[in-house]
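Structure at a glance
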Amino acid sequence: MRLGQFSEIGFPVTFSSCLSCPHVNMLLSDCKYGGTPNKYSFYSLSNTDDSRKRPAMPCPDFSYKNFPETLDVKWVPLKLLSRTNLRSITKVKVVSFLLGLTLTFFIMASYILTWDRKGLLFTPSPFQLKPMVVTASTAEPSDLSSENNFLDMKLLVRNIISKLEYTPRDVPDKSDVIGTDSQLFSVIPQQFLPEVKSPCWYEEFSGNTDTDPYRTNMFTLRSKSFRTVCDYLRTNFQEHLCHRDGKQYRLRCLPYFYIIGQPKCGTTDLFHRLLLHPEVKFTTMKEPHWWTRKRFGYIRFKDGFHECFPVEHYLDLFDLAARHIQEGIIGNSPGDHSKRQLITGEASASTMWDNQAWSYLHGNREEAEPPFLAQDFIQAVQPNAKIIIMLRDPVERLYSDYLYFKMANKSAEDFHQKVRLNLGMYIVFLLDWLTVFHKEQILVLRLEDYAANLRLTIKKVFDFLSVGPLSEQAEAAVTKRPMSNTRRAADRNLGPMLPTTRDLLRQFHQPFNLKLAGVLDNKAFLWTDNKGQEPG
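Residues numbered from 1 in each chain as written. Predicted model: local features only at pLDDT ≥ 70, side-chain atom pairs only at ≥ 80, totals over all residues. Heavy atoms only, no water.

We now examine the pattern of salt bridges. Across all of its chains, the model carries 20 salt bridges by this definition. With a closest N to O distance of 2.6 Å, Arg 273 and Asp 269 form a salt bridge. Separated by 4 residues within a single helix, Arg 273 and Asp 269 lie in helix H7 (residues 267–274), roughly one turn from each other. Classification of Arg 273 as buried rests on a relative accessible area of 1%. Judged by its relative accessible area of 1%, Asp 269 falls in the buried class. One network of salt bridges, in which partners are shared, links Glu 203, Arg 250, Arg 252, Asp 316 and Asp 319. (Salt bridge = Lys/Arg side-chain N within 4 Å of Asp/Glu carboxyl O. Helix = DSSP H or I, 4+ residues; strand = E, 2+ residues; numbered from the N terminus. Buried < 20%, exposed > 50% of the residue type's maximum accessible area, 1.4 Å probe, protein only.)

As structure tokens, then:
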């Protein structure tokens, strides 16, 4: 979703801009791939730093507070309306007055007749929505539980609920998506090898076999583990080329599945456990962030533009898996044939939500939202991709995100004053993905279920990926592996967030969770009974 990040939001809260939220009244059964009218989107909350500098649209005030308490009304004596004075009024002025009065009547009538249906004409459309800015309070921690805080949050929640309908997103035509990146679609074919489970194809290799094919790969500059893999692959690269009609070919593969988010929801742990399945061959980089950042030339947006990572460099990440799959294609033993069922994947947690590169590259364009999202490109090159989403209570996810990414001066009081809310609004991202992928292609999990019953949740993932059952030994290795990326000891010592903060955040997320639970037809996604004590 092109939804970026809110500006820093503090509690206690006060309104400083109007908030319009997109339409999320959508049943899961209605979510289908294609250019159907029922498409959903949530573009306009920009994730750029520049968004903090943009003025928020003030809420119109219709209380007319500036009128004087008493009006001095002066009556015109009737005798002044004498026949002589009336004659001085020309017919032209009378006609002009009547026309003006009629025009005023029609304008007022149009306001009244469209009031309930469209809202006030001052209300911004959802696609013109600017970041909501909620000012941080200077209250002392002892004052954080004041009644006014809850009144402000209730006002905010009521405003969100009242604006949870918006114009559905128009999914771009595939031809338009292809036209934006000719290089990408010239490298990746429209059809893949039918006898292989993963999306693989043979690409002609026109380079000199004595040349290092990974010498210029930009991922090797930032990943020591991938450099090690490339050192292994280049030693016998020529031996794995296929020869046909005097030409040389190499096997290329895309990920069979994508773990797309969200951050601090257990994706790292899931990534490492899936690697233990013999049929799963990951890239050595968990999060290449290619679809959302590096293909546009960004590594960290705050560091500015670097250099675009070509699609060929992204495909190199899956060459080790491709080599195993190729052994299954050319081999004759039963063990070789089983390698045709090997799958690979990647787990960039930004893929679900991060489309902010558009605002950096096209900040001067008139459009209020990017015309294409990351999922549009993934679906265009790989219509049958499998998508895995891991979510957790958005309140606890937010606190975990704060503890993990903030490096200094962390405290429960500081968290109360400055938080980012957007990544916990899961429903607005999910609906965008459901506009281009069938619901059967997307598996949505809860971290709470994953932590409570790891064996059952992992089995659900394996079934979704259609990989074979594990042996008892392999299953024990998967389930007994220590948890990855858990909360640091220093962060645990800070304790939980303030009860007042948790209550305010729960009120904010409640309408989004309600829509999410409705779309997924699962009340567990309300997180009403969650204690919020996950260690990660």
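What the 4 strands build is an open sheet, ordered E5-E4-E6-E7; its pairing is parallel. On the outer flanks of this sheet lie strand E5 (345–346) and strand E7 (442–446), each paired with one strand and no other. Relative to strand E6 (residues 386–391), strand E4 (residues 257–261) is paired through 4 bridges, and the arrangement is parallel. Looking at E6, one finds that Ile 259 is bridged to Ile 388. H7 contacts E4 and E6 of the sheet and is inclined by roughly 160° relative to E4. (Pairing = 2+ DSSP bridges. Contact = heavy atoms within 4.5 Å. Axes fitted to C-alpha atoms, helices over the stretch in contact; angles between N-to-C directions.)

The next subject is the pairing of E7. Most of E7 sits out of view: 5 of its 5 residues are buried. The side-chain alternation of E7 yields two buried faces, one formed by Ile 442, Val 444 and Arg 446 and the other by Leu 443 and Leu 445. In this structure, E6 lies alongside E7, joined through 5 bridges in parallel fashion. Note on E7: the bridge partner recorded for Ile 389 is Val 444.

Let's shift gears to the sheet that holds strand E2 (residues 242–244). Strand order across the open sheet formed by 3 strands is E1-E3-E2, with antiparallel pairing between neighbours. If you trace the sheet from one side to the other, it starts and ends with strand E1 (200–204) and E2, each paired once. Taken over all neighbouring pairs, the strand axes of this sheet differ in orientation by 40° on average, direction set aside. Bridge analysis of E1 against strand E3 (residues 247–253) gives 5 bridges, and the strand direction is antiparallel. Bridge pairing links Glu 204 to Tyr 249 in E3. Sheet contacts for helix H9 (residues 319–330): E1, E2 and E3; angle to E3, the most-contacted strand, approximately 115°.

Interaxial distance between helix H15 (residues 426–434) and helix H20 (residues 499–520) falls to 8 Å at its minimum, and their mutual angle equals 35°. Contacts from Tyr 426, Ile 427, Leu 430, Leu 431 and Leu 434 of H15 reach H20 at Phe 512, Lys 515, Leu 516, Val 519 and Leu 520.

Quick look at the confidence of the model for the protein chain now. Should pLDDT be low for a region, the predicted coordinates there are not to be read in detail. With 65% of its residues at a pLDDT of at least 70, the protein chain reaches an overall mean of 75. By mean pLDDT, the top-scoring element of the protein chain is E7 (98), and the lowest-scoring one is helix H1 (residues 83–87) (44). Across residues 109–146 the pLDDT falls below 50, and counting only partners more than four positions away or on other chains, this stretch makes 72 contacts in the model. (pLDDT = per-residue confidence, 0-100.)

What follows covers the packing of aromatic side chains. Taken as a whole and assessed by the stated rule, the structure comprises 18 aromatic pairs. Taken together, a centroid distance of 5.9 Å and an interplanar angle of 80° make the contact between Trp 291 and Tyr 314 edge-to-face. Here Tyr 314 lies in helix H8 (residues 311–316) and Trp 291 lies in the loop between H7 and H8, a separation of 23 residues in the sequence. Across the pair, exposure class does not vary: Trp 291 and Tyr 314 are buried alike. Note on Phe 525 and Trp 527: the rings are 5.6 Å apart at their centroids and 85° apart in plane angle, and the pair reads as edge-to-face. Assessed through its relative accessible area of 3%, Phe 525 is described here as buried. Chaining the aromatic ring pairs together yields one cluster made of Trp 290, Trp 291, Tyr 314 and Phe 318. Between the NZ or CZ atom of Arg 244 and the centre of the ring of Tyr 249, over which it lies, the distance is 4.7 Å. Arg 295 extends its terminal NZ or CZ atom over the ring of Phe 377, reaching a point 4.3 Å from the ring centre. (Phe/Tyr/Trp six-rings, centres within 6.5 Å; stacked < 30°, edge-to-face > 60°. Lys NZ or Arg CZ within 6 Å of the ring centre and 35° of its normal.)

Turning our attention to the state of the cysteines. Enumeration over the complete set of coordinates arrives at 1 disulfide. Across the disulfide from Cys 200 sits Cys 253; the S-S distance is 2.0 Å. Measuring handedness by torsion sign, the sulfur bridge of Cys 200 and Cys 253 sits at about 105° and is right-handed. You can see Cys 200 sitting in strand E1 and its partner Cys 253 sitting in strand E3, a full 53 residues away along the chain. In this pair, the class of Cys 200 matches that of Cys 253, namely buried. (Disulfide = S-S within 2.5 Å.)

To continue, consider empty space enclosed by the protein. Considering all chains together, one arrives at 5 cavities of 30 Å³ or more under this definition. In this structure, the largest cavity occupies an estimated 110 Å³ of space. Along the walls of the largest cavity sit Tyr 214, Leu 233, Phe 237, His 240, Leu 241, Arg 250, Leu 251, Asp 319, Ala 322, Arg 323 and Gln 326, which together make up its complete lining. Those elements giving two or more residues to the lining of the largest cavity turn out to be E3 and H9. Broken down by element, the lining of the largest cavity gets its largest block of residues, 4 residues, from H9. Among the residues making up the lining of the largest cavity, the classes are represented as 6 nonpolar, 2 polar and 3 charged. (1 Å grid on protein atoms, 1.4 Å probe; cavity = no way out; pocket = protein on both sides within 12 Å on 5 of 7 lines; lining within 4 Å. Points joined across faces, edges and corners; volume = space filled by probe spheres on them. Nonpolar A, V, L, I, M, F, W, Y, C, P; charged D, E, K, R; others polar.)

With that out of the way, let us pick up the environment of Gly 328. Relative to the helices and strands, Gly 328 resides in helix H9. Note on Gly 328: relative accessible area 0%, which makes it buried. When the C-alpha positions of Gly 328 and Val 196 are compared, they lie 8.9 Å apart, and in sequence the two are 132 residues distant. Gly 328 has contacts with Asp 336, His 337, Lys 339 and Arg 340, leaving out every residue within four places of it along the chain.

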